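Here is what each chain is made of, one letter per residue.
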Amino acid sequence: MRMNMWTKVLPLVMAGAAAMGAATTANAPTTLKDAYKGDFVVGAAMDAGQIAGTDQRGDAIIQAQFNSISPENVLKWVVVHPQAGKYDFDLSDKYVAFGMEHHMFIHAHTLIWHNQVPAWVFRDDKGNSLSRDALLARMREHIQTVVGRYKGKIQSWDVVNEALNEDGSIRQSPWEKMIGEDYIEKAFEYAHQADPQAELYYNDYNLENEAKRKGAIALIKKLKDEGVPVNGVGLQGHYNLTWPSTQQVDDTIEAFAALGMKVAITELDIDVLPAGGKQPTADVTVHIKENPALNPYVNGLPDAVQQELAKRYGDLFGVFLKDRDAVERVTFWGVTDADSWKNDFPVTGRTNYPLLFDRSGQPKPAFEAVLKAATGPAPGK
Ligand code: XIL
């Protein structure tokens with residue numbers, strides 16, 4: 001996908017020229033979107049303040065650095081369709097307008113998930129559980145209304161989010177229990193009917209772990225065999241300093257690419273805080289008890305950890321660049337460390353440092369490491 005060799009070597013040539021006393025390094029990319037132009041789009045998840053325009057500092061960073069956006073919450077069922085028969089498109093309309101105004105790749109998250117979906121969805125007006133057919137009809141109406149509204153504007157959708165357990169089996173969510181496993185294929189079919197041009201993704205966390213990855217591979221193979229319109233797999237990318245290994249990330253991207261899937265890193269962040277004894281998870285229902293020992297950096301990130309984070313980001317972008325033919329998009333789950341959900345997950349009230357911009361909106365060493373990784377390894381290496 002990269003235009004030619006020259007776009008990759010040019011920054012190296014410029015840096016070399018500068019070292020020899022030449023005039024300028026002005027052509028070296030200074031933004032994430034330019035650094036990876038021709039490889040993949042680089043995105044940020046927008047929160048309500050950025051969408052409503054009240055966080056102007058955040059909006060300025062998004063416009064300057066990113067060429068793709070995701071909605072952190074405003075297109076989840078509970079926000080866009082809070083009551084039966086009542087949709088609220090106020091923020092989602094603003095979100096799409098922002099992306100169109102700035103000519104960005106507009107992604108949307110998420111149609112069918114077992115979290116941030118109101119309880120009424122699964123019940124009739126007397127409070128009884130819906131039948132399979134009634135729930136399918138409700139799912140279809142929701143998907144067609146929301147996808148249909150943004151047809152031709154939103155380029156890709158997370159159609160189903162987190163349908164798998166850690167062992168790779170299908171999660172017994174209310175969708176699965178009340179409809180059966182084919183709720184997944186139905187969701188993709190309804191979304192495709194509503195916008196045949198939109199790219200449709202299956203999105204999940206921890207697919208880098210072998211058992212869950214195997215389950216996802218089996219799921220995608222089954223959907224493909226049945227002719228279900230699935231185009232890609234989203235790796236959420238809620239990582240930490242040591243997990244997953246770059247080898248696991250590489251293997252995971254390649255496994256889905258081998259199935260003909262596009263791959264997106266959809267919610268990237270790197271947790272630098274103590275884990276609190278659990279396996280890494282992005283299950284939003286997990287709550288670990290607050291404890292000062294789990295919150296060691298309230299007064300700032302020590303330089304050694306800052307450098308470790310930068311190296312980790314550089315290494316990961318090295319993998320994404322290597323796999324650029326498969327990777328369509330890399331999206332960060334937030335803009336600055338102040339916005340990140342990781343300040344409250346899985347422990348509330350912590351001071352976390354998972355993103356590329358610090359609490360005052362300044363680029364961190366990790367930002368420089370990501371820019372630098374775009375030039376690839378030095379010649380001869
Ligand atoms: C998170 C948001 O960042 C929070 O603001 C919200 O309170 C809970 O959800 N996996 C997903 C995302 O697919 O939707 C979650 O986003 C993070 C984990």
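Presented here is an overview of the structure given in this document. (Residues numbered from 1 in each chain as written. Predicted model: local features only at pLDDT ≥ 70, side-chain atom pairs only at ≥ 80, totals over all residues. Heavy atoms only, no water.)

Thoughts on the nonpolar core
In step 1: Core analysis: the largest hydrophobic core is formed by 108 residues, its most contacted members being Trp157, Trp175, Phe256 and Phe317.
In step 2: Top element by residues in this core is helix α12 (residues 303–322). It accounts for nine residues.
In step 3: Membership of the second largest hydrophobic core comes to six residues, among which are Ala45, Tyr205, Ala282 and Trp333. (Core = buried A, V, L, I, M, F, W, Y, C linked by side-chain atoms within 4.5 Å. Buried < 20%, exposed > 50% of the residue type's maximum accessible area, 1.4 Å probe, protein only. Helix = DSSP H or I, 4+ residues; strand = E, 2+ residues; numbered from the N terminus.)

Some details on the pairing of strand β1 (residues 41–46)
In step 1: β1 sits mainly inside the fold: five of its six residues count as buried.
In step 2: The pairing of β1 with strand β9 (residues 327–332) spans four bridges and is classified as parallel. Bridge pairing in β9 links Gly43 to Thr331.
In step 3: Relative to strand β2 (residues 68–71), β1 runs parallel, the two sharing four bridges. By the bridge assignment for β2, Ala44 is matched with Ile69. (Pairing = 2+ DSSP bridges.)

Comments concerning the site of the ligand
In step 1: As a structural note, the neighbourhood of the ligand is formed by 15 residues, with Glu72, Lys76, His109, Glu267 and Trp333 the closest of them.
In step 2: Within the side chain of Lys76, one N or O atom sits 2.7 Å away from an oxygen atom of the ligand.
In step 3: Gln236 is positioned with one of its side-chain polar atoms (N or O) 3.2 Å from a nitrogen atom of the ligand.
In step 4: Within the complex, the protein chains bury 83% of what would otherwise be the 420 Å² of accessible surface of the ligand. (Near = heavy atom within 4 Å. Polar contact = N/O pair within 3.5 Å; in protein donor to acceptor, adjacent residues only side chain to side chain. Areas by Shrake-Rupley, 256 points an atom, 1.4 Å probe, with all protein chains shown as cover.)

Examining the packing of helix α10 (residues 210–225) against helix α11 (residues 246–258)
In step 1: The geometry of α10 relative to α11 is characterised by a closest axis approach of 11 Å and an angle of 10° between their N-to-C directions. What the angle tells us is that α10 and α11 run roughly parallel. Contact residues: Arg213, Ala216, Ile217 and Ile220 in α10; Gln248, Asp251, Thr252, Ala255 and Phe256 in α11.
In step 2: When grouped by side-chain class, the residues that make up the contact of α10 with α11 number five nonpolar, two polar and two charged. (Axes fitted to C-alpha atoms, helices over the stretch in contact; angles between N-to-C directions. Parallel < 35°, antiparallel > 145°, perpendicular 65-115°, else oblique. Contact = heavy atoms within 4.5 Å. Nonpolar A, V, L, I, M, F, W, Y, C, P; charged D, E, K, R; others polar.)

Regarding the packing of α11 against α12
In step 1: Contact pair α11 / α12: the axes reach a minimum separation of 10 Å and the direction vectors enclose 25°. Considered as vectors, α11 and α12 are oriented roughly parallel to each other. Regarding α11 and α12, the two cross each other, and that crossing is right-handed. Together, Thr246, Val249, Asp250, Ile253 and Glu254 of α11 and Arg312, Asp315, Leu316, Val319, Phe320 and Lys322 of α12 make up the contact between the two elements.
In step 2: For the contact of α11 with α12, the per-class residue count stands at five nonpolar, one polar and five charged. (Left-handed = near helix turned anticlockwise from the far one by under 90°.)

So, the pattern of salt bridges
In step 1: One pass over the full model with this rule turns up 15 salt bridges.
In step 2: Lys94 is paired through a salt bridge with Asp90; the nearest N and O atoms lie 2.8 Å apart. On the criterion of helical spacing, the pair formed by Lys94 and Asp90 is a turn pair, its members being four residues apart in helix α6 (residues 90–101).
In step 3: You can call Lys94 partly exposed: its relative accessible area is 36%.
In step 4: Its salt-bridge partner being Lys262, residue Glu199 comes within 3.9 Å of it at the nearest N-O pair. With a gap of 63 residues between them, Glu199 in strand β5 (residues 199–204) and Lys262 in strand β8 (residues 262–271) connect regions that are remote in the sequence. (Salt bridge = Lys/Arg side-chain N within 4 Å of Asp/Glu carboxyl O.)

Quick notes on unusual backbone geometry
In step 1: Cis geometry marks the peptide bond from Trp243 to Pro244; its omega dihedral reads -10°.
In step 2: Relative to the elements of secondary structure, Pro244 occurs in the loop between β7 (238–240) and α11.
In step 3: In this model, Glu162 sits at a positive phi of 60°, which is unusual for a non-glycine residue.
In step 4: With respect to the helices and strands, Glu162 occurs in the loop between β4 (156–161) and α8 (174–179).
In step 5: Phi is positive for Asn206, close to 60°, though the residue is something other than glycine.

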